[in-house]
Amino acid sequence: MLNASLKELSAALAQKMISSVELTTLFLDRIERHNPQLNAFVTVDRDKALTAASAADERLSGAGGTAEVSPLCGIPLAHKDIFCAEGWRTTCGSRMLANFVAPYDAHVVERFNAAGMVMLGKCNMDEFAMGSSNESSHFGPVKNPWDTNCVPGGSSGGSAAAVAARLAPAATGTDTGGSIRQPAALCGLTGLKPTYGVVSRYGMIAFASSLDQGGPMAKSAEDCALLLNAMSGFDPRDSTSLERPTEDYARDLERSLEGLRIGLPREFFGAGMDDGVRAAVEAALAEYRKLGATTVEVDLPNSNLSVPAYYVIAPAEASSNLSRFDGVRYGHRAADYADLNDMYAKSRAQGFGDEVKRRILIGTYVLSHGYYDAYYLKAQKIRRLIAADFAAAFKECDVIMGPTAPSVAFKFGAKSADPVQMYLSDIYTIAVNLAGLPGMSIPCGFDNALPNLPVGLQIVGPWFAEAQMLNVAHRYQQATDWHTRMPEAMK
Ligand code: GLN
């Protein structure tokens with residue numbers, strides 16, 4: 001059951017080989033056993049999960065009438081703690097929201113609940129989704145199940161560790177600059193960041209609104225397709241949600257890759273990538289050629305500007321979004337203060353961690369009078385050039401491939417003292433968010449120096465090419481078994 005695909009779990013539930021209550025209990029027990037070590041979950045609610053599981057069992061038995069039951073009904077799921085879920089504590093990894101109980105469901109949570117999926121709990125994350133290692137969480141770091149001396153990646157590191165350790169069959173994540181793809185890579189999972197606007201941001205605590213996008217994290221591309229089917233779709237409560245015809249993202253999974261043109265950006269294969277990552281990515285490309293694809297070199301000439309542009313735009317938006325956490329409208333309130341301004345200052349000083357404060361300072365600086373044109377406006381112009389680079393590259397290829405991250409999982413503390421080193425963890429993923437494109441990461445091997453640490457291959461497609469990217473990933477996963485590996489210690 002631990003390594004079963006969502007399709008297999010769905011079939012087992014439909015054929016009554018197992019009940020949702022039994023399946024949910026299996027994962028709750030694993031969480032109880034492994035979470036004290038991994039710290040992947042910040043909140044688990046056995047009673048709520050089992051109540052949802054019995055309701056799913058009733059639906060599966062046909063008690064609700066003849067209405068069609070979703071293939072995901074009865075399958076357990078974990079949510080990144082950035083998604084509001086009614087009656088659940090929703091912390092966003094921050095002291096600021098340590099006691100916040102959400103009064104409503106995020107669109108994504110609502111969709112999965114409607115499908116009958118069983119929520120196991122809320123996953124740890126970098127504070128307000130700012131980070132690449134999960135070391136910035138108020139609730140302590142998450143350990144990588146492949147090597148507990150190493151980070152799981154971030155900011156969706158709790159979701160990634162939970163699925164990699166088989167504490168949940170699948171999880172949600174969010175990706176502002178790489179936070180689904182990078183932890184998926186570092187934990188040996190498949191993760192997909194959809195085209196901006198495909199998944200509603202309603203009820204997803206905002207970091208940088210023009211970049212944030214929710215998506216699935218699971219063992220395989222096929223699983224991600226089923227999850228995306230459930231979580232995507234128009235939502236009038238998010239003004240950037242796109243009204244498009246409903247898609248079945250699994251429709252092209254089996255299509256042949258004969259004639260597929262893979263673009264390899266020169267900028268992604270230069271210096272800066274570890275040898276072990278390069279070797280695994282090259283081997284994956286060789287496998288794709290065997291499957292009938294051809295590779296062509298392409299250029300993304302402005303990609304070296306993506307990290308600097310992102311670290312102007314994302315903090316600018318964050319400084320605005322986080323102004324609501326003032327101890328009055330939302331969030332922690334200091335116990336002692338002299339007057340109103342002192343209360344704001346003390347509440348925010350106590351409620352936010354260092355990385356969040358750094359971003360708020362940068363954000364307010366780049367938006368301030370006299371600097372706006374020099375930084376914020378300039379960054380927006382670069383953003384446009386980066387999107388144009390991708391559009392030009394996609395004239396020569398169907399998908400772009402490269403490494404997801406420059407290295408495999410690194411040791412705790414290795415980058416936390418130097419923010420720029422940490423920011424460079426997302427060097428290959430950030431441009432995709434700036435351009436609003438869909439991107440995914442799939443496991444493609446292990447580092448040869450650190451043989452137990454997984455490597456991720458990034459696949460980027462044109463806007464709305466999710467079905468094709470999932471096809472590209474699925475065919476590779478049929479030919480290889482990297483995605484089926486699980487950490488020895490978690491067995
Ligand atoms: N690591 C990047 C940051 O710290 C991206 C985070 C994310 O995608 N949420 O901002």
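Before reading on, note that the structure itself is shown above.
These remarks concern the structure in this document. (Residues numbered from 1 in each chain as written. Predicted model: local features only at pLDDT ≥ 70, side-chain atom pairs only at ≥ 80, totals over all residues. Heavy atoms only, no water.)

**Regarding the overall build of the protein**
And step 1. Along the protein, the regular secondary structure elements total 15 helices and 11 strands.
And step 2. Its C-alpha radius of gyration of 21 Å places the protein within 12% of the 23 Å reference for a compact globule of 491 residues.
And step 3. Viewed in the frame of its principal axes, the protein has a C-alpha envelope of about 65 × 55 × 45 Å.
And step 4. Counting over 491 residues, the protein shows a buried share of 61%.
And step 5. Accessible area for the protein stands at about 18,000 Å²; split by element, carbon and sulfur atoms hold 53% of it.
And step 6. The protein carries 45 positive and 53 negative side-chain charges, and their two centres are separated by 2 Å. (Helix = DSSP H or I, 4+ residues; strand = E, 2+ residues; numbered from the N terminus. Rg over C-alpha atoms; globule rule 2.2 N^0.38 Å. Buried < 20%, exposed > 50% of the residue type's maximum accessible area, 1.4 Å probe, protein only. Areas by Shrake-Rupley, 256 points an atom, 1.4 Å probe, with all protein chains shown as cover. Lys, Arg positive; Asp, Glu negative; His and termini not counted. Charge placed at Lys NZ, Arg CZ, Asp CG, Glu CD.)

**Re a nonpolar patch on the surface**
And step 1. Among the surface-exposed residues, Tyr365, Tyr371 and Tyr375 lie close enough to one another that they form a single nonpolar patch of about 280 Å² accessible area.
And step 2. Inspection of the secondary structure assignment puts Tyr365 in helix H11 (residues 354-367).
And step 3. For Tyr365, a relative accessible area of 38% puts it in the partly exposed group. (Patch = residues over 30% accessible without salt bridge, like charges linked within 9 Å, V, L, I, M, F, W, Y side chains within 5 Å. Salt bridge = Lys/Arg side-chain N within 4 Å of Asp/Glu carboxyl O.)

**Observations regarding the pattern of salt bridges**
And step 1. Applying the stated criterion across every chain, the model contains 23 salt bridges.
And step 2. With a closest N to O distance of 3.2 Å, Arg46 and Glu32 form a salt bridge. One end of the pair, Arg46, is in helix H3 (residues 46-60); the other, Glu32, is in helix H2 (residues 20-38), with 14 residues separating them in the sequence.
And step 3. You can call Arg46 partly exposed: its relative accessible area is 28%.
And step 4. In the salt-bridge network here, residues are joined through shared partners; they are Arg244, Glu247, Arg251, Asp252 and Arg255.

**Comments concerning the packing of helix H9 (residues 306-321) against helix H12 (residues 372-393)**
And step 1. The interhelical angle for the contact between H9 and H12, taken along N-to-C directions, is 125°, at an axis separation of 9 Å. Between H9 and H12, the interaxial angle falls into the category oblique. As H9 packs across H12, the resulting crossing turns out to be left-handed. On H12, the residues that touch Ser306, Ala309, Val312, Ile313, Ala316 and Glu317 of H9 are Tyr375, Tyr376, Ala379, Gln380, Ile382, Arg383 and Ile386.
And step 2. Of the residues belonging to the contact of H9 with H12, the class tally is 9 nonpolar, 2 polar and 2 charged. (Axes fitted to C-alpha atoms, helices over the stretch in contact; angles between N-to-C directions. Parallel < 35°, antiparallel > 145°, perpendicular 65-115°, else oblique. Left-handed = near helix turned anticlockwise from the far one by under 90°. Contact = heavy atoms within 4.5 Å. Nonpolar A, V, L, I, M, F, W, Y, C, P; charged D, E, K, R; others polar.)

**Quick word on the environment of Asn3**
And step 1. Position of Asn3 relative to the elements: it lies in the segment before helix H1 (6-14).
And step 2. Using a relative accessible area of 41% as the deciding quantity, one classes Asn3 as partly exposed.
And step 3. A sequence separation of 411 residues divides Asn3 from Ala414, and the C-alpha atoms of the two residues are 32 Å apart.
And step 4. Non-local contacts of Asn3, meaning those with residues more than four positions away in its chain, are made with Glu8, Arg166, Lys219, Thr484 and Met486.

**What to know about the site of the ligand**
And step 1. Near the ligand there are 15 residues, and of these Thr176, Gly177, Ser179, Tyr310 and Asp426 occur at the shortest range.
And step 2. Between the ligand and Gly178, the relevant distance is 3.2 Å, taken from an oxygen atom to a main-chain nitrogen or oxygen of the residue.
And step 3. Out of a free accessible area of 290 Å², the ligand has 100% covered by protein chains.
And step 4. A per-class count over the shell around the ligand returns 5 nonpolar, 7 polar and 3 charged. (Near = heavy atom within 4 Å. Polar contact = N/O pair within 3.5 Å; in protein donor to acceptor, adjacent residues only side chain to side chain.)

**Let's talk about the nonpolar core**
And step 1. Judged by nonpolar contacts, the single largest core of 160 residues is most densely connected at Leu72, Phe128, Tyr288, Phe390, Met401 and Ile459.
And step 2. With 9 residues, the top contributor of residues to this core is H9.
And step 3. If we skip the residues at most four places from it in the chain, Phe390 touches Leu300, Ile400, Ala431, Val432, Ala435, Leu437 and Val460. (Core = buried A, V, L, I, M, F, W, Y, C linked by side-chain atoms within 4.5 Å.)

**Thoughts on H12**
And step 1. Between its terminal C-alpha atoms H12 stretches 31 Å, which fits the 32 Å expected from 22 residues at 1.5 Å a residue.
And step 2. Along its length, H12 reaches its greatest deviation from straightness, about 25°, at Lys378.
And step 3. Buried residues along H12 sit in contact with strand S8 (294-298), H9, H11, strand S9 (399-403), helix H14 (430-435) and strand S11 (454-460). (Expected span 1.5 Å × (residues − 1). Bend = angle between axes of the 7 residues up to and from the residue.)

**Some details on the environment of Phe41**
And step 1. Here Phe41 lies in strand S1 (residues 41-44).
And step 2. What makes Phe41 buried here is its relative accessible area of 3%.
And step 3. Excluding residues that lie within four positions of it along the chain, Phe41 makes contacts with Ile31, Asn35, Ala78, Leu120, Gly121, Lys122, Cys123, Asn124, Ala162 and Leu167.

**Description of the packing of helix H7 (residues 221-231) against helix H15 (residues 466-479)**
Two quantities define a packed helix pair, namely the angle between the helix axes and the distance between the axes.
And step 1. The contact between H7 and H15 brings their axes to 8 Å, and the two run at 155°. Judged by the inter-axis angle, H7 sits roughly antiparallel to H15. Across the interface between the two elements, Ala221, Glu222, Cys224, Ala225 and Leu228 from H7 touch Glu466, Leu470, Ala473, His474 and Gln477 from H15.
And step 2. Tallied by class, residues from the contact of H7 with H15 come to 6 nonpolar, 2 polar and 2 charged.

**Examining H11**
And step 1. Here H11 contains 14 residues, and its C-alpha end-to-end distance of 20 Å stays within 8% of the 20 Å for a straight helix at 1.5 Å per residue.
And step 2. Along H11, the residues that are buried comprise Glu355, Val356, Arg359, Ile360, Gly363 and Val366. Within H11, the buried residues cover an arc of 140° as seen down the axis, which keeps them to one side. Exposed side chains of H11 directed beyond 90 degrees from the buried face belong to Asp354 and Leu361. (Arc of directions from axis to C-beta.)

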